[in-house]
Structure formats: C-alpha cells, structure tokens
Amino acid sequence: MKELTSGAEATIFLDKNQIIKKRVKKNYRIEEIDSVLRKSRTRREAKILEKIPVKAPKILGTNKEDTIQMEFINGKKVRDVLDENVSLAEEIGTKVAKIHDEGIIHGDLTTSNMILKEEIYFIDFGLSFFSEKVEDKAVDLFLFERALDATHHDQPDLFKQSLEGYKKSNPESIDILTRLEAVRKRGRNKTR
C-alpha cells in the first residue's frame with residue numbers, strides 16, 4: 001500500500017487498483033466527538049458516492065467508521081489538461097448541474113478534484129453534503145469560479161463556458177444563477 005496524499009481530514013492510499021481513504025484521528029478533539037465526526041463524514045461521503053449521477057469512483061467497501069475503499073481512476077487531473085482543452089469546461093458545467101439536480105453539493109469543486117479518463121470523473125467528496133437549497137448550489141458555483149480564477153487565470157472564459165453547460169442541464173438554473181450574483185456581491189464585499 002502506497003500513500004498518495006495526506007490532507008487535513010484524510011490520508012489517501014493506493015493499494016493495487018483501489019484507493020483507500022482513511023479519515024485521520026484528531027487528537028485536539030474530545031475522543032467521542034472526533035469518533036462521531038469521522039463516522040458521520042465517512043457515511044455521508046459513501047452515501048453521496050452511491051447516489052452521484054455522474055462518473056465518480058465506485059465504492060468497493062467501507063467500515064462506516066473512518067475508511068472508504070473505492071475504485072482507482074487512472075487518468076489526468078483536469079487541472080493539468082483544461083488550459084489546452086477548454087471545451088471540457090462545458091462538460092464540467094453539465095455534470096455539476098446533474099450533481100446539483102440530485103441534491104448534492106460537492107463543497108470542493110476544483111479542477112484538481114476532477115479526473116479526465118474517457119470523460120470527466122469527479123473525486124473527493126469529503127466536504128460534500130445533501131441540500132436542495134438554491135443558496136448552497138450558488139455558493140458551490142461561486143467557489144468553483146474562484147478556484148478557476150486561481151488555477152486557470154490565463155483562461156478567463158472557462159467559468160462562462162461551464163455555466164453554458166450548467167444552464168442546459170439544470171431546470172433550476174435561473175434561480176441558482178440569480179442567487180450566484182448575490183453571493184458574488186457578498187464575496188466582493190468580504191475581500192475589500
């Protein structure tokens with residue numbers, strides 16, 4: 001088993017053709033609270049992966065405590081190929097719309113959390129949650145816009161292109177995009 005990466009919430013291992021995501025114990029938390037948080041986040045992520053309407057790693061198993069085993073997606077991070085293949089932006093928007101339509105908020109929409117194999121796969125649902133709120137969907141899009149600006153600043157039209165795909169695929173898009181404007185205004189006021 002080879003460690004691929006370690007983040008604030010989990011360590012990711014590669015074991016043959018599967019990924020093992022193990023949520024790490026936080027010694028600064030009261031043990032009972034830490035255990036409940038790790039269990040609930042692991043269960044929620046597993047439920048989201050089972051319900052996700054777009055390409056994502058298949059769950060191979062979970063102990064429902066702190067570990068999820070899932071399919072390894074062998075491809076390139078979209079972060080590394082998007083600037084040369086900007087047409088992927090519309091596909092991203094279409095898939096985000098499908099995710100939102102299913103009541104799932106990704107919580108960390110970045111091109112680093114997307115893998116291009118034959119098509120785009122979404123990964124890392126550690127911050128995801130279920131919500132039908134227009135506000136939550138608009139915030140998810142706002143954070144994606146900020147991530148695109150930070151990582152792909154040489155391609156200023158990527159977010160606009162992704163919104164084209166989003167609008168075509170989400171019947172609620174008018175309400176969500178209207179709310180996105182309000183979220184943007186709040187975001188600008190916070191950065192001043």
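This text goes with the structure placed above it.
Report follows, based on the coordinates. The structure displayed is predicted, hence computed values, not measured ones. (Residues numbered from 1 in each chain as written. Predicted model: local features only at pLDDT ≥ 70, side-chain atom pairs only at ≥ 80, totals over all residues. Heavy atoms only, no water.)

## Points about the environment of phenylalanine 159
Argument step 1. Position of phenylalanine 159 relative to the elements: it lies in helix H5 (residues 158-169).
Argument step 2. Sequence spacing of phenylalanine 159 and glycine 103 is 56 residues, and the spatial spacing of their C-alpha atoms is 21 Å. (Helix = DSSP H or I, 4+ residues; strand = E, 2+ residues; numbered from the N terminus.)

## Brief notes about the sheet that holds strand S4 (residues 59-62)
Argument step 1. Spatial strand order, S1-S2-S3-S5-S4: 5 strands in an open sheet with antiparallel pairing. Edge strands, defined here as strands with exactly one partner in the open sheet, are strand S1 (2-6) and S4. Taken pair by pair, the neighbouring strands of this sheet meet at an average axis angle of 20°, ignoring direction.
Argument step 2. For S1 and strand S2 (residues 10-15), the ladder comprises 4 bridges, and the chain directions are antiparallel. Bridge assignment links threonine 5 to a residue of S2, and that residue is isoleucine 12. (Pairing = 2+ DSSP bridges. Axes fitted to C-alpha atoms, helices over the stretch in contact; angles between N-to-C directions.)

## What about the side chain of serine 128?
Argument step 1. One can find serine 128 in the loop between strand S9 (120-122) and strand S10 (129-130).
Argument step 2. Judged by relative accessible area, serine 128 falls into the buried class, the value being 0%.
Argument step 3. At a separation of 3.5 Å, a polar atom in the side chain of serine 128 contacts the main-chain carbonyl oxygen of isoleucine 105.
Argument step 4. Beyond its immediate stretch of four places on either side in the chain, serine 128 contacts Arg44, Ile48, Ile105 and His106. (Buried < 20%, exposed > 50% of the residue type's maximum accessible area, 1.4 Å probe, protein only. Polar contact = N/O pair within 3.5 Å; in protein donor to acceptor, adjacent residues only side chain to side chain. Contact = heavy atoms within 4.5 Å.)

## Details of the pairing of strand S5 (residues 67-71)
Argument step 1. Of all 5 residues in S5, 4 are buried; the element is thus mostly enclosed.
Argument step 2. Examined bridge by bridge, S4 and S5 share 3 bridges and lie antiparallel to one another. Residue glycine 61 lies in a different strand from S5, and its bridge partner there is glutamine 69.
Argument step 3. Here S4 folds back onto S5, and the loop between the two strands holds 4 residues, one of which, lysine 64, carries a positive phi near 60°.

## Digging into the packing of helix H3 (residues 88-101) against H5
Argument step 1. One can describe the packing of H3 onto H5 by two numbers: an axis separation of 6 Å at closest approach and a directional angle of 45°. Between H3 and H5, the crossing angle belongs to the class labelled oblique. Crossing angle aside, the handedness with which H3 passes H5 is right-handed. Where H3 approaches H5, its residues Ala89, Glu90, Gly93, Thr94, Val96, Ala97 and His100 are matched on the opposing element by Leu158, Gln161, Ser162, Gly165, Tyr166, Lys168 and Ser169. (Parallel < 35°, antiparallel > 145°, perpendicular 65-115°, else oblique. Left-handed = near helix turned anticlockwise from the far one by under 90°.)

## Overview of the packing of H3 against helix H4 (residues 134-151)
Argument step 1. At a closest axis distance of 11 Å, the pairing of H3 and H4 adopts a crossing angle of 155°. Between H3 and H4, the interaxial angle falls into the category roughly antiparallel. In the crossing of H3 with H4, the sense of the turn from one axis to the other is right-handed. Across from Ile92, Val96 and His100 in H3, the residues of H4 making contact are Lys137, Asp140, Leu141 and Phe144.

## Here's the deal with helix H1 (residues 31-51)
Argument step 1. Helix length check: H1, at 21 residues, gives a terminal C-alpha distance of 30 Å against a target of 30 Å (1.5 Å per residue), a fit within 8%.
Argument step 2. Of all the residues in H1, the buried ones are Asp34, Arg38, Thr42, Glu45, Ala46, Ile48 and Leu49. The buried side chains of H1 occupy one side of the element, clustering within an arc of 160° when seen end-on. Turned more than 90 degrees from where H1 packs its buried face, Glu32, Val36, Lys47 and Glu50 sit exposed.
Argument step 3. Where the residues of H1 are buried, they touch strand S3 (18-23), S4, S5, strand S7 (104-105) and S10. (Expected span 1.5 Å × (residues − 1). Arc of directions from axis to C-beta.)

## Quick notes on the pattern of salt bridges
Argument step 1. Tallied over the entire structure, the rule returns 23 salt bridges.
Argument step 2. Here glutamate 9 and arginine 41 are joined by a salt bridge, their closest N and O atoms 3.0 Å apart. With glutamate 9 in the loop between S1 and S2 and arginine 41 in helix H1, this residue pair connects regions lying 32 residues apart in the sequence.
Argument step 3. Its salt-bridge partner being glutamate 172, residue lysine 137 comes within 2.8 Å of it at the nearest N-O pair. A residue pair is termed long-range when its members are at least 10 positions apart, and lysine 137 in helix H4 and glutamate 172 in the loop between H5 and helix H6 (173-191) qualify at 35 residues.
Argument step 4. Of the residues examined, lysine 137 reaches a relative accessible area of 0% and is grouped as buried.
Argument step 5. Note on glutamate 172: relative accessible area 26%, which makes it partly exposed.
Argument step 6. Overlapping salt bridges bring together Glu9, Lys22, Arg29, Asp34, Arg38, Arg41 and Asp66 as one network. (Salt bridge = Lys/Arg side-chain N within 4 Å of Asp/Glu carboxyl O.)

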